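What the coordinates show
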2 protein chains.
Amino acid sequence: MSNISLIHTMPKKTAIELKPLEKILSLWDVLTPDERQFVNNNYTVHHFKKNEVIHHEGDVPTHMMILASGRVKVTKAGVGSRSQIIRMLKEGEHFSYRSIIASDVYSTNVTAFEDSVVYMIKADIFLSILRHNNAFCYRFLEELSTDLAASDTRTVNLTQKHIRGRLAEALLLLVKNYGLEEDGATICIYLSREDLANISNMTTSNAIRTLASFSDEHIIAMDGRKLKIIDHEKLLKISKTG
Amino acid sequence: MSNISLIHTMPKKTAIELKPLEKILSLWDVLTPDERQFVNNNYTVHHFKKNEVIHHEGDVPTHMMILASGRVKVTKAGVGSRSQIIRMLKEGEHFSYRSIIASDVYSTNVTAFEDSVVYMIKADIFLSILRHNNAFCYRFLEELSTDLAASDTRTVNLTQKHIRGRLAEALLLLVKNYGLEEDGATICIYLSREDLANISNMTTSNAIRTLASFSDEHIIAMDGRKLKIIDHEKLLKISKTG
DNA sequence: CTAAATTTGTGCTTTAAAACATGCTTGTCA
DNA sequence: TGACAAGCATGTTTTAAAGCACAAATTTAG
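This section reports on the structure supplied with the text. Predicted model only: the values in this text are computed from it and were never measured.

Okay, the sheet that holds strand S4 (residues 71-77) of chain A next. Strand order in the open sheet formed by 4 strands is S2-S7-S4-S5 (chain A), and the pairing between neighbours is antiparallel. The open sheet is flanked by strand S2 (53-55) and strand S5 (83-90) of chain A, the only strands paired with a single partner. Put simply, the sheet's adjacent strands are angled 30 degrees from each other on average, direction ignored. Bridge analysis of S4 of chain A against strand S7 (residues 109-112) of chain A gives 4 bridges, and the strand direction is antiparallel. Directly across from Thr75 of chain A, in S7 of chain A, lies its bridge partner Asn109 of chain A. In the packing of helix H8 (residues 163-178) of chain A onto the sheet, the strands contacted are S4 and S5 of chain A, and the crossing angle to S5 of chain A comes to about 25 degrees. With respect to the sheet, helix H7 (residues 134-160) of chain B is in contact with S4 and S5 of chain A, its orientation differing from that of S5 of chain A by roughly 140 degrees.

Next up, the structure:
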């Protein structure tokens, strides 16, 4: 448990909320006691401030990462200066392992869009467990299978739907991913219009405009970055038909 | 080897060219002798005519499939009548296993666009090997990792590049996937303009128009569905700059 | 072997979304 | 505190690509 000490060097506020690896890693249960011990002795804790980049596209992967707290976005550089948000992660989700498995460089950028804490496990340790623990390996196989279908669906949605459909879909995705606040309407994540645009593959102007339309039509309500879903059915319909 | 008999019931021409499972399955080498025997006793051979559908989006997956001969396209229905080609497979590649692993229905359609022969292994047999043979499992993990990056790249390319860039990219992809004929220029696959459009996410008219432009600019040469790459460098440049 | 259907090719029109311009907030940090 | 940057909002212009219409060529089927 050598790295627990690392946590204790953090400001108390953060330390109190920070769950240990064994509580946060969804795959913990398939590890053998030995593996658990091994991992516990060999992970490191890293803090990232809002907007800090965790890793860059093209870099050689060194660690498998688990988001202990905060939120990060996975993006991919496109043509010119446009960047596309591929996925958004929340506490407990792991990332940056795909490139390790594929013996590839990172195919995406990962950026914290809230202050975040990341647990890192060295690539060789990760690989060694993958190669020795079949249940562990299989869990990742399942995850990648699900992600691949999601990515293909995304491709079709982003290329074929119109602006309103794409934005509606993005909003529904955020709801699914981050949930709603106690009022049962406000999306539990506050994004800039630009980020919203980069999820829905449109310009910032168009994200703003389309949000305004949705608001006029009483499909959503806005208060700065706070977005309330008023008419979930309509949003679903727009995302399907358009 | 019970299923070899099945092959012998086929027209001789096909039978002669048809490689047995052990020659076609790239993962054969990681199977144990027992597993090899087991798979050999439990695969079936299926013939599909040109344009015949092998499986539909939404169907419950029953078999892991290996393309023994011919060519198939993996598509996904989009908005309205537009369908998008996600991937194109050639002899020796396997497919339809993603949904089995993810316990999902098929997320794509698979259609033969040439007369094709498919070897099928029952889902439960496939899963049982995955769960017992770590090397086998790991191979699929690698494959899915590669495919996921490809899918994400594709998303960005299709959404952000302009028509010329998308078509150039599609042509390069075909070259990479199917290679060139002995002349070192003609792409080893003859597709309809519509299929080409569905790979590049554009209308058929635009695929035709853009091909004509490329031909005018001496980047490619056309003879019906036969496409020759004249200026590979220029094509690469167009695909990059958009 | 012809008739019908599909595929290919081209021109013209329309349209969705980008690009651009500009003003208004809000936050931030010297 | 005041100026500078970021982010939000909205109107106007431009443009890339879809949509449509139709003719020619090629396949397919009866």
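Further notes follow.
In this description, a pair of aromatic rings is defined by centroid distance and the angle of the planes. A complete count under the given rule lists 12 aromatic pairs over all chains for this structure. A ring pair is formed by Phe126 of chain A and Phe136 of chain A, whose centres lie 6.0 Å apart and whose planes are at 75 degrees; its orientation type is edge-to-face. You can see Phe126 of chain A sitting in helix H6 (residues 123-132) and its partner Phe136 of chain A sitting in helix H7 (residues 134-160), a full 10 residues away along the chain. With relative accessibility at 3%, the residue Phe126 of chain A sits in the buried group. Every member of this aromatic cluster is reached through a ring pair, and the members are Tyr97, Phe126, Phe136 and Phe140 of chain A. A cation sits over an aromatic face here: Arg131 of chain A above Tyr138 of chain B, 4.1 Å from the ring centre.

The subject of this paragraph is the protein's contact with DNA strand C. In the neighbourhood of DNA strand C, 14 residues make up the surrounding shell, with His162, Ile163 and Asn206 of chain A together with Arg193 and Arg225 of chain B lying closest. Expressed as a percentage, the sugar and phosphate content of the atoms of DNA strand C within 4 Å of the protein is 74%. Separating a phosphate oxygen of DNA strand C from a backbone N or O atom of Ile163 of chain A is a distance of 3.1 Å. Arg209 of chain B places a polar side-chain atom, nitrogen or oxygen, 3.3 Å from a base nitrogen of DNA strand C.

All names here are of chain B. Judged by how many residues are buried, helix H9 (residues 193-200) sits mostly within the fold: 6 of 8 residues are covered. Of the positions making up H9, those classed as buried are Asp195, Leu196, Ala197, Asn198, Ile199 and Ser200. Buried positions along H9 lie against strand S4 (71-77), strand S5 (83-90), H7, helix H8 (163-178), helix H10 (204-216) and strand S10 (226-229). Where H9 ends, the next residue or the one after it, Asn201, has phi of about 55 degrees, a positive value.

Residues and elements named next belong to chain B. The strand order across the open sheet formed by 4 strands is S2-S7-S4-S5, and the pairing between neighbours is antiparallel. Because the sheet does not close on itself, it has two edges, and the strands there are strand S2 (53-55) and S5. Between one strand axis and the next, the sheet turns through 30 degrees on average, direction left out of account. Here H9 sits on the sheet in contact with S4 and S5, set at roughly 100 degrees to S5.

With that settled, the discussion passes to the protein's contact with DNA strand D. Taken together, 16 residues are adjacent to DNA strand D, and Arg193 and Arg225 of chain A together with His162, Ile163 and Asn206 of chain B come closest. Each atom of DNA strand D within 4 Å of the protein belongs either to a base or to sugar and phosphate, the latter forming 68%. Between DNA strand D and Arg225 of chain A, the relevant distance is 3.1 Å, taken from a phosphate oxygen to a side-chain nitrogen or oxygen of the residue. At 3.5 Å, a side-chain N or O of Thr203 of chain B approaches a phosphate oxygen of DNA strand D. Residue contributions to the surface near DNA strand D peak at 4 residues, all from helix H10 (residues 204-216) of chain A. Looking at side-chain class alone, the surface near DNA strand D contains 4 nonpolar, 7 polar and 5 charged residues.

In this section: the interface of chain B and chain A. Between chain B and chain A, the residue contacts involve 40 residues of the former and 40 residues of the latter. For chain B, the biggest contributors to the area lost against chain A are Tyr138, Leu141 and Gln160 of chain B; these three give 18% of the whole. If you look at where chain B meets chain A, you find 0 salt bridges. Summed over the shared surface of chain B and chain A, the number is 14 residue pairs in polar contact (both at pLDDT 80 or more). At the level of elements, S4, S5, helix H5 (98-101), helix H6 (123-132) and H7 of chain B are the ones that each hand at least two residues to the side of chain B that touches chain A. Counting residues per element, the side of chain B that touches chain A draws most heavily on H7 of chain B, which supplies 20 residues.

Residue and element names in this part refer to chain B. Within the secondary structure, Glu22 sits in helix H3 (residues 21-24). With relative accessibility at 34%, the residue Glu22 sits in the partly exposed group. With 14 residues separating them along the chain, Glu22 and Arg36 place their C-alpha atoms 8.2 Å apart. When neighbours within four sequence positions are excluded, Glu22 is seen to be in contact with Trp28 and Asn40.

Here we take up helix H4 (residues 33-40) of chain B. Side chains three or four residues apart in an α-helix point the same way, a direct result of the helix having 3.6 residues per turn. Residue and element names in this part refer to chain B. Taken together, the buried positions of H4 are Glu35, Val39 and Asn40. For H4, the buried positions fall inside an angular range of 130 degrees around the axis, keeping them on one side. Exposed side of H4, more than 90 degrees from the buried face: Pro33 and Asp34 are the residues found there. Buried residues along H4 sit in contact with H3, strand S1 (43-48), strand S8 (116-122) and H6.

Okay, the pairing of S5 of chain B next. With 7 bridges connecting them, S4 of chain B and S5 of chain B associate as antiparallel partners. Bridging across to S5 of chain B, Val74 of chain B finds its partner in Arg87 of chain B.

Going through the model one piece at a time under the given rule, you end up with 16 salt bridges over all chains. When the shortest N-O distance is used, the salt bridge between Arg71 of chain A and Glu114 of chain A registers 3.3 Å. Separated by 43 residues along the polypeptide, Arg71 of chain A in strand S4 and Glu114 of chain A in the loop between S7 and strand S8 (116-122) bring together distant segments of the chain. Classification of Arg71 of chain A as buried rests on a relative accessible area of 17%. With a shortest N-O distance of 2.9 Å, Arg164 of chain B and Glu217 of chain B are connected by a salt bridge. With Arg164 of chain B in helix H8 and Glu217 of chain B in the loop between H10 and strand S9 (220-223), this pair connects stretches of sequence that are 53 residues apart. You can call Glu217 of chain B partly exposed: its relative accessible area is 33%.

Criteria and thresholds
Each chain carries its own residue numbering, running from 1 in the written order of its sequence. Working convention: letters from A go to chains and numbers from 1 go to ligands, in the order in which they are written. Local features in a predicted model are, by the rule used here, given only for residues with pLDDT of at least 70; side-chain atom pairs are given and counted only at 80 or more, and totals for whole chains, interfaces and linings are based on all residues. Each side-chain value is derived from all of the structure's non-hydrogen atoms; neither hydrogens nor water enter the calculation. Strands were regarded as paired on the criterion that DSSP finds at least two bridges between them. Each helix is a run of DSSP H or I of at least 4 residues and each strand a run of E of at least 2, with the numbering of both proceeding from the N terminus. Between the N-to-C directions of two axes lies an angle of 0 to 180 degrees, each axis being a line fitted to C-alpha atoms and, for a helix, fitted only over the stretch in contact. Throughout, a contact is declared for two residues whenever any of their heavy atoms are within 4.5 Å. Centres within 6.5 Å are what make two rings of Phe, Tyr or Trp a pair, Trp counting through its six-membered ring; a difference in plane orientation under 30 degrees is then read as stacked, over 60 as edge-to-face, and the rest as tilted. To sort residues, take the accessible area from a 1.4 Å probe on protein chains only and compare it with the maximum for the residue type: under 20% means buried, over 50% means exposed, and anything in between is partly exposed. Any Lys NZ or Arg CZ that is within 6 Å of a ring centre and within 35 degrees of that ring's normal is treated as a charge sitting over the ring. Near residues are defined by distance, with any heavy atom within 4 Å of the molecule or strand qualifying the residue. Any pair of nitrogen or oxygen atoms within 3.5 Å is treated as a polar contact; in protein, a donor-acceptor pairing is required on top of that, and neighbouring residues in sequence qualify only through side-chain atoms on both sides. As a working rule, the residues Ala, Val, Leu, Ile, Met, Phe, Trp, Tyr, Cys and Pro are called nonpolar, Asp, Glu, Lys and Arg charged, and the rest polar, with Gly in that last group. We define buried area as the total accessible area lost by two parts upon association, computed with a 1.4 Å probe and summed across both. Definition used for salt bridges: Asp or Glu carboxyl oxygen within 4 Å of a side-chain nitrogen of Lys or Arg. Relevant arc is that of directions from the helix axis to the C-beta atoms, nothing else.

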